[in-house]
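Coordinate analysis (summary)
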Amino acid sequence: MTDPGFPHPGARLPDPMTPSEIGRWCEKSVIPGVQPELSDDAAVVIATGHLSAAARQIVIRRMSAGLPVPTSTSISGPGGFGGLRRLQRSIGAIEAQLANPMLPSMVSPVIRSRRNTMTRRLDDARKNVITGKGIFATSIRGIRRERREGVHLELIDRERLFVGLTYTPTPNVNSGGYVRRAGSAAIDRVAGAVGAAATKAGLDKGNRWVSEILGDLEAPSPNGDAKFVDGYETILFAAGSFYDRIVRCPAWHSDHFDIQRTAVDLNAELADIAADVIALRTIRVDLDNSRRAAGFDADLSDHIASRESSLRPVWTELIDRVAALASVAEVVESAAIELRVIAEFAHTATIDDRIDRLVARSGEREISADNTKRLTEQVRAGEDQLRIYRDVLQGNIARLSTGDATLRSRRLPE
């Protein structure tokens, strides 16, 4: 008799993600393990954090209604909207190199050609996202209809949405090629080699060399962890990853969670988190600039420190909200396991009837009493395990619905 696939006795659900663990990720700007890129939907929702509240609601309504939103298929190159982020940062790095007055003249044309190629790619992506066919209404009648329905995103807001997409949280976006990490000193050292290659083999050879040095694609972190620019990007990526885990889980879209799906708007929740994180980061930058401008003014420095302290509960609440998303992801993934167990249990439960019918049809066959007893024990063990899963799942859902009002003080990321 084969094992029907029930969890082993004593099996338990994984420990839930805690706010303190997410806080440590943000302090180090690192999420352990190899992390996949965010989905297009998660990237678009996070990018709405750069929009006004009204424009953000329009994008959320479009997604909830199943209307088209920008996708990364219109952007050349791998990596989804994370590739757009890498493209933007690569252009910035190259422009910084070109602004160096000590840049050797033999290297400058090759790098400038590289910059122009990448800029054209970025412009093409902008056009496809902002005015691409099949996304937003372009005819007068279609625009009027979308405006009446409250789902038309104006051109200026599409521009802002595209800018937001160029800041899509992306793992290891800083781990580029050698020159990008080392700066102009590295260009000085390879200037002669690049010039010789361009002279002997033509400009294309030089372009291929510089392409290898600068590179569009980022090298993975040596230890396999996902590194981010700062704690604010870390928390945005974590929220987007939990969002993806929820919406990709079949259990979330099953009939078992009809009530829960109507109780929470995941798009709106992620958009609100993104908007608050982006606003908090903007304020933090302004406070740092004011602190530098304050110089030795003790009163102004104390006032800035006081205002910064007042923001800590906001950061704590953001971490708690992301931890709540993590709890939802863990619940629905555990529910997916339970649903598979239920399906296997339903299949196993029919074996009794099949056995009875088989015995009734043939008096010549006999079924082992030991096998029947073993099957019954397996079915009962499965029932007990299902009961445990249901109790844990119900407790997690109840905890999510009530929430945790306790605010714990944490340090804002640098």
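The structure displayed is predicted, hence computed values, not measured ones.

**Thoughts on the overall build of the chain**
- On a plain count of helices and strands, the chain comes out with 16 helices and two strands.
- Evaluated residue by residue, the chain yields a buried proportion of 44% over its 414 residues.
- In the chain, once contacts between residues fewer than 6 apart in sequence are set aside, the share between residues at least 24 apart is 82%.

**Points about unusual backbone geometry**
- At Ser29, a position not held by glycine, the phi torsion is positive, near 55°.
- Turning to its location among the elements, Ser29 is positioned in the loop between helix H1 (19–28) and strand E1 (30–31).
- Judged by relative accessible area, Ser29 falls into the buried class, the value being 11%.
- One non-glycine residue, Asn172, lies in the positive phi region at around 55°.
- Along the chain, the position of Asn172 falls in the loop between helix H7 (155–165) and helix H8 (178–182).

**Quick look at the nonpolar core**
- The biggest cluster of nonpolar side chains holds 77 residues, and the ones touching the most others in it are Ile22, Leu165, Ile235, Phe242, Ile246, Trp315 and Val322.
- Here this core gets twelve residues from one element, more than from any other, and that element is helix H15 (residues 312–361).
- Leaving out residues up to four positions away in the same chain, Val322 has contacts with Ile22, Ile235, Ala238, Ala239, Phe242 and Ile273.

**Some words on the environment of Ala323**
- Within the secondary structure layout, Ala323 lies in helix H15.
- When its relative accessible area of 5% is taken as the criterion, Ala323 is described as buried.
- With sequence-adjacent residues up to four places away left out, Ala323 is seen in contact with Thr18, Pro19 and Ile22.

**As for the packing of aromatic side chains**
- In this structure the tally under the stated criterion is two aromatic pairs.
- Considering the side-chain rings of Phe228 and Phe237, the 4.8 Å spacing of their centres and the 40° angle between planes classify their relative orientation as tilted. Per residue, the accessibility class of Phe228 equals that of Phe237, and both read buried.

**Side note on the confidence of the model for the chain**
- Residue-level pLDDT values for the chain average 75, and 64% of them are 70 or greater.
- Contacts from residues 215–219, a stretch scored under 50 in pLDDT, to residues over four places away or in other chains number 19 contacts.

**Comments concerning the environment of Leu165**
- If you trace the backbone, Leu165 turns up in helix H7.
- In this structure Leu165 touches Ala43, Val44, Ala47, Phe81, Leu84 and Val129, once residues within four positions along its chain are discounted.

**Some remarks on the pattern of salt bridges**
- Scanning the model with the defined rule gives 14 salt bridges in all.
- Ionic pairing is found between Glu154 and Arg147, a salt bridge with its closest N-O pair at 3.0 Å.
- Classification of Glu154 as partly exposed rests on a relative accessible area of 31%.
- One salt-bridge network, in which partners are shared between bridges, spans Arg284, Asp288, Arg291 and Glu308.

Conventions adopted
Residues numbered from 1 in each chain as written. Predicted model: local features only at pLDDT ≥ 70, side-chain atom pairs only at ≥ 80, totals over all residues. Heavy atoms only, no water. Helix = DSSP H or I, 4+ residues; strand = E, 2+ residues; numbered from the N terminus. Buried < 20%, exposed > 50% of the residue type's maximum accessible area, 1.4 Å probe, protein only. Contact = heavy atoms within 4.5 Å. Core = buried A, V, L, I, M, F, W, Y, C linked by side-chain atoms within 4.5 Å. Phe/Tyr/Trp six-rings, centres within 6.5 Å; stacked < 30°, edge-to-face > 60°. pLDDT = per-residue confidence, 0-100. Salt bridge = Lys/Arg side-chain N within 4 Å of Asp/Glu carboxyl O.

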